[in-house]
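Descriptive structure summary
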Amino acid sequence: MTLGMRTKFSLTAVSLGCFLAWGADWLTDGGNPQRTAWQKDEKILTLENVKNMKLLWKLHLDNEPRQMHSLFPPLIVERVNTPEGVKQIAIDAGVSDNIYAIDVEKGELLWKKHFVSTWTPPANGGRGGGILCPGGITATPVIAPTNTPGKYTMYAASWDGMLHQLNVGDGEDVAPPSKFMPPNGKPYALNLWNNVIYTHTAQGCGGNPNIVYSYDLATKKVGTWGPSGGGMWGRTGPAMSADGTMYTGTGDGKWDPENGVYGNGLIGIKQNPDTKALELEDYYGPSNAEWLVKRDLDMQVTPAIFNYKGHEFMVDAGKECRMYLMDTKSIGGDDHRTPLYRSPLLCNEDVNFASAGIWGSLASWEDSKGVRWVLTPIWGPKHSAFKAPIENGPVKYGAIVAFKVEEKGGKWQLTPAWISRDMNRAEPPVIANGVIYAYGNGEDTDQAYADVGLADEANRRIPGSTHAVLYALDAQTGKELWSSGDQITSWNHWSGLSLANGRVYIATFDSNLYCFGLKK
């Protein structure tokens, strides 16, 4: 089952008279398998009324934070058959091996699932703790419709490496848990494409190597492939191209493809249709990859993939703070080091490995005039040499930067369009109906200190973190239309936004889920 089969079920549901019409769902991190973060089906929130958004509800969940992790971006399904009738449900995963289902109309918990692990870590099992390896769930689940209208299956990976399949309506298992990955690793957001689950891991958690994993739902076969050292830690997991190639950035490793080492670059991995094994399809290394790895400026961003004027394009970035535009037919050209376009530096003039650069994931959308846009968050001040036609004030802590995809002189490029207002560590945005939703996470991102040097510890960073602020921006200009101000009282790390049916969701470190929208 793929997310692309949704249209088929929509027609079936309407023909049977089950529902008047489908609304908008958010079934996977990043909104779709291509990770564009574009909610195409939103009809309620508009440029005209978004200024009237209010806090609809705030729900505290009993998830225990681990290190700096807590709740992940919720997944939204508009019409789910439950024992209490048809409901719109948010599914939120918590790092302490919890899955929560929330009735979004009431802001109330419907059911909770806790995965109990019997696995015990060995005494000397490699990196098994600390701020980078919290244990528990670290991958946002993914949801898919079934052949029964109103019935959905959620796929989640627990701390012991098992893949769980749950009925979204009641949280019950629809299949026995299956072995997917080694225990105590750090998988990232799951993706689902043509009945295959994809993810990747990073940072050697639990002593496990950094590996790409696939789980074929039809055959139950697991596929693996490793870049030989490069950790893959794009926030929203891998992105899928039209031919089923899984793309992700790599970090924490050297770039040496002649010897099978693909750190600090971008890899494309594809499932062999016969054996179900994973194989290297394509790869790209920045021309200065060797310099980047020496300064810990990883290519650790989830790419976004989109179609435009007969091409399937992909954009990606890294901590250096450059954008790369590629054609998925050959992402780096004949030498694997030449993209269609490489931007100048947007930020990180001081070459900061922890509190500047581009982190997380990117976004892309197309406006009513057929203009294709690309969005990126940046941390820290913008580069003194980087300019945009519209700038919404000085940038000190972070911002959203918007580009237009344009062809000039027979060559494709990303043309700067606007820079948003300042945000305290801007996070990946989502787009709906001409409005950009973004936030500053309020996190203390320092990892090195004058007194102790490199000491990236949660007990140092948590006290210095403040609170998140959610913003709504005009997608054409970046102008602020609305802000949550001080309504969100905590911050978050490694989370994100979700948007569907007139509601925007954001979770915080203190295990609260906020829902903003228009009051009825």
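Residues numbered from 1 in each chain as written. Predicted model: local features only at pLDDT ≥ 70, side-chain atom pairs only at ≥ 80, totals over all residues. Heavy atoms only, no water.

A look at the overall build of the protein
What counts, and what does not: In this description a helix means any DSSP run of H or I spanning at least four residues, a strand means any run of E spanning at least two, and both kinds are numbered starting from the N terminus. Only C-alpha atoms enter the radius of gyration; for comparison, a globular chain is expected to reach 2.2 Å times N to the power 0.38, where N is the number of residues. A contact between two residues is defined here by any heavy atoms of the two lying within 4.5 Å. Per-residue and other accessible areas follow the Shrake-Rupley method at a 1.4 Å probe size, with only the shown protein chains counted as cover for residues. When charges are counted, Lys and Arg are positive and Asp and Glu negative, with His and the chain ends excluded. Charge positions come from single atoms, namely NZ of Lys, CZ of Arg, CG of Asp or CD of Glu.
Looking only at helices and strands, the protein features three helices and 37 strands. A globule of 520 residues ought to have a C-alpha radius of gyration of about 24 Å, and the protein, at 21 Å, matches this closely. A fraction of 59% describes how many contacts in the protein between residues 6 or more apart in sequence connect residues 24 or more apart. For the protein, the accessible surface area stands at approximately 19,000 Å², while carbon and sulfur atoms represent 51% of it. Computed over 48 positive and 55 negative side-chain charges, the separation of the two mean positions in the protein equals 3 Å.

Focus on the pattern of salt bridges
Here is the rule: One speaks of a salt bridge when a side-chain nitrogen belonging to Lys or Arg is within 4 Å of a carboxyl oxygen belonging to Asp or Glu. Type-normalised accessible area, obtained with a 1.4 Å probe on protein chains alone, sets the label of each residue: buried when under 20%, exposed when over 50%, and partly exposed for intermediate values.
In total, this model carries 18 salt bridges according to the counting rule given. Between E105 and K520 there is a salt bridge, and its shortest N-O distance comes to 3.3 Å. On the criterion of sequence distance, the pair formed by E105 in the loop between strand 4 (98-103) and strand 5 (108-114) and K520 in the segment after strand 37 (512-517) is long-range, its members being 415 residues apart. E105 gets classed as partly exposed once you look at its relative accessible area, which sits at 43%.

Some details on the sheet that holds strand 19 (residues 278-284)
Applied cut-off: One bridge is not enough; two strands pair if DSSP finds at least two bridges between them.
Reading across the sheet, the four strands line up as 14-15-18-19 and stay open at both edges, with antiparallel pairing between neighbours. Of all strands in the sheet, those with a lone pairing partner are strand 14 (239-240) and strand 19, marking the two edges. Taken together, the five bridges between strand 15 (residues 245-249) and strand 18 (residues 266-271) define a ladder with antiparallel strand orientation. Bridge assignment links M246 to a residue of strand 18, and that residue is I269.

Overview of the confidence of the model for the protein
We apply this condition: Each residue carries a pLDDT score, the predictor's confidence in it, ranging from 0 to 100.
Counting all residues, the mean pLDDT for the protein is 92, and 93% of those residues have values of 70 or more. Throughout residues 4-21 the model reports pLDDT below 50, and contacts reaching past four residues in sequence, or to other chains, amount to 21 contacts.

Some thoughts on the side chain of S420
Here S420 lies in the loop between strand 28 (411-419) and strand 29 (430-432). The class for S420 is buried, based on a relative accessible area of 0%. Excluding its chain neighbours within four sequence positions, the residues that come into contact with S420 are N392, G393, V395, A399, I400, L473 and G478.

Some words on the sheet that holds strand 1 (residues 54-60)
The condition is simple: Inter-axis angles, ranging from 0 to 180 degrees, are taken between N-to-C directions of lines fitted to C-alpha atoms, where helices are fitted over the stretch in contact.
Strand order in the open sheet formed by four strands is 1-37-36-35, and the pairing between neighbours is antiparallel. Whereas interior strands pair on both sides, the edge strands pair on one side only; in this sheet they are strand 1 and strand 35 (497-500). The sheet shows a mean angle of 20 degrees between the axes of neighbouring strands, taken without regard to direction. Where strand 35 and strand 36 (residues 503-507) come together, four bridges link them in antiparallel fashion. For L497, the partnering residue across the bridge sits in strand 36 and is I506.

Let's talk about the packing of aromatic side chains
This is how it is decided: Two rings belonging to Phe, Tyr or Trp (six-membered ring only in the last case) form a pair when the distance between their centres is within 6.5 Å. Interplanar angles under 30 degrees mark stacking, angles over 60 mark edge-to-face geometry, and anything in between is tilted. In this scheme, the term charge over a ring applies when either NZ of a lysine or CZ of an arginine sits within 6 Å of the ring centre and within 35 degrees of the ring normal.
For the coordinates displayed, the defined rule picks out 20 aromatic pairs. Look at Y188 and W494: their rings are 4.7 Å apart centre to centre, the planes differ by 80 degrees, and that puts the pair in the edge-to-face class. In this pair, Y188 sits in the loop between strand 9 (173-179) and strand 10 (191-193) while W494 sits in the loop between strand 34 (480-483) and strand 35, placing the two residues 306 residues apart along the sequence. The exposure class of Y188 is buried, given its relative accessible area of 1%. We classify W494 as buried; its relative accessible area is 10%. Seen in terms of ring centroids, W365 and W373 are 5.8 Å apart; in terms of plane orientation they differ by 15 degrees. Their pairing is stacked. Linked through ring pairs, W225, W255, Y262 and Y283 together constitute an aromatic cluster. Stacked on the ring of W159, the Lys or Arg R66 has its end atom at 5.3 Å from the ring centre. The cationic tip of K186 hangs over the ring face of W494; the distance from NZ or CZ to the ring centre is 4.7 Å.

As for the state of the cysteines
Applicable threshold: Two cysteine sulfur atoms make up a disulfide if the distance between them is within 2.5 Å.
A complete count under the given rule lists two disulfides for this structure. Here C133 connects covalently by a disulfide to C205, the sulfurs 2.0 Å from one another. The chirality of the disulfide connecting C133 with C205 is left-handed, given an S-S dihedral of about -80 degrees. Of this pair, C133 sits in the loop between strand 5 and strand 6 (142-145) while C205 sits in the loop between strand 11 (196-200) and strand 12 (212-216); the two residues are 72 residues apart in sequence, bridging distant segments of the chain. The same class applies to C133 as to C205, namely buried. Disulfide pairing is shown between C321 and C347; the S-S distance is 1.9 Å.

Some points on unusual backbone geometry
Unlike most non-glycine residues, N194 shows phi in positive territory, near 50 degrees. When you line up the elements, N194 lands in the loop between strand 10 and strand 11. A positive phi angle is found at Q203, which is not glycine, with a value near 65 degrees. Its relative accessible area of 11% is what places Q203 among the buried residues.

Points about the nonpolar core
Our working rule: Only buried residues count toward a nonpolar core. Its members are Ala, Val, Leu, Ile, Met, Phe, Trp, Tyr and Cys residues joined through side-chain atoms within 4.5 Å.
By size, the foremost hydrophobic cluster in this structure holds 80 residues, and its most contacted members are I91, I99, I143, L375, W418 and Y437. L325, C347, L362 and F403 belong to the second largest nonpolar core, which has 27 residues in total.

Topic: the pairing of strand 22 (residues 323-327)
Of all five residues in strand 22, five are buried, a share of seventy percent or more. Neither face of strand 22 is exposed, since M323, L325 and D327 on one face and Y324 and M326 on the opposite face are all buried. Inspection of the sheet shows strand 21 (residues 311-317) paired to strand 22 by five bridges, in the antiparallel sense. Within the sheet, the bridge partner assigned to A317 lies in strand 22 and is M323. Between strand 21 and strand 22, which pair antiparallel in sequence order, lie five residues; one of them, C321, sits at a positive phi of approximately 85 degrees.

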